[in-house]
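What follows is the residue order along each chain.
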Amino acid sequence: TFELSPTYGGACDMIKQMTKTLGKSNALENTTVIFTYAPEPTRCSKAAIVHAIDKILMSSQREILDLVQLHWWGGEDDTRYMQALRELQSMKALGKIKFL
């Protein structure tokens, strides 16, 4: 299991190396990738979310993320997290996220 986040350096590189070593199908079958998505509340537009998910998929050489968890910095009165969740749900419907 790998937990990825833009703030964690090197995790995608580790997945790439493991994929090269084990082969893509073996690596995909035997690993779980969790992505912690922690957008700044002012940067949770659809375009920003699509970019973040696509970037982590490309960086980790995967077609789907097993789990995406939303880490919200906005505070309890900031309801923009609901928009972020809707956009992540759309990415799930597109087959880019298995569990949200």
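Note that the structure is predicted; figures quoted are calculated from it, not measured.

A. Seen up close, the side chain of serine 60. Position of serine 60 relative to the elements: it lies in helix α3 (residues 46–60). Using a relative accessible area of 0% as the deciding quantity, one classes serine 60 as buried.

B. Structural detail: the packing of helix α1 (residues 11–22) against α3. Running from N to C, α1 and α3 point in directions that differ by 40°, and their axes come no closer than 8 Å. Accordingly, the angle class assigned to the pair α1 and α3 is oblique. Between α1 and α3, the contacting residues are Cys12, Ile15 and Lys16 on the first element and Ile56, Ser59 and Ser60 on the second. Tallied by class, the residues present in the contact of α1 with α3 amount to 3 nonpolar, 2 polar and 1 charged.

C. Up close: the layout of surface pockets. One number sums up the size of the largest pocket: a volume of about 600 Å³. Along its surface, the largest pocket is lined by 25 residues, and Ser5, Pro6, Thr7, Phe35 and Tyr37 are the ones closest to its centre. Mapped onto the lining of the largest pocket, the elements with two or more residues apiece are α1, β2 (33–37) and α3. Broken down by element, the residue count for the lining of the largest pocket peaks at 6 residues, all from α3. A per-class count over the lining of the largest pocket returns 13 nonpolar, 8 polar and 4 charged.

D. Representation of unusual backbone geometry within the structure. Its identity is not glycine, yet glutamine 61 carries a phi of approximately 55°, on the positive side. Structurally, glutamine 61 can be placed in the loop between α3 and β3 (65–70).

E. Spatial organisation of the sheet that holds strand β4 (residues 97–99). Read from one edge of the open sheet, 4 strands run β1-β2-β3-β4, paired in parallel fashion. On the outer flanks of this sheet lie β1 (2–4) and β4, each paired with one strand and no other. In this sheet, neighbouring strand axes are inclined to one another by 40° on average, regardless of whether the strands run parallel or antiparallel. Against the sheet, α3 touches β1, β2, β3 and β4, its axis set at about 150° to β2.

F. Molecular detail of the pattern of salt bridges. Evaluation of the coordinates by the stated rule reveals 4 salt bridges. Between arginine 80 and aspartate 78 there is a salt bridge, with the nearest N and O atoms lying 2.7 Å from each other. Given a relative accessible area of 38%, arginine 80 falls into the partly exposed group. Residues joined in a network through salt bridges with shared partners are Arg62, Asp66 and Lys98.

Thresholds applied
- Residues numbered from 1 in each chain as written.
- Predicted model: local features only at pLDDT ≥ 70, side-chain atom pairs only at ≥ 80, totals over all residues.
- Heavy atoms only, no water.
- Helix = DSSP H or I, 4+ residues; strand = E, 2+ residues; numbered from the N terminus.
- Buried < 20%, exposed > 50% of the residue type's maximum accessible area, 1.4 Å probe, protein only.
- Axes fitted to C-alpha atoms, helices over the stretch in contact; angles between N-to-C directions.
- Parallel < 35°, antiparallel > 145°, perpendicular 65-115°, else oblique.
- Contact = heavy atoms within 4.5 Å.
- Nonpolar A, V, L, I, M, F, W, Y, C, P; charged D, E, K, R; others polar.
- 1 Å grid on protein atoms, 1.4 Å probe; cavity = no way out; pocket = protein on both sides within 12 Å on 5 of 7 lines; lining within 4 Å.
- Points joined across faces, edges and corners; volume = space filled by probe spheres on them.
- Pairing = 2+ DSSP bridges.
- Salt bridge = Lys/Arg side-chain N within 4 Å of Asp/Glu carboxyl O.

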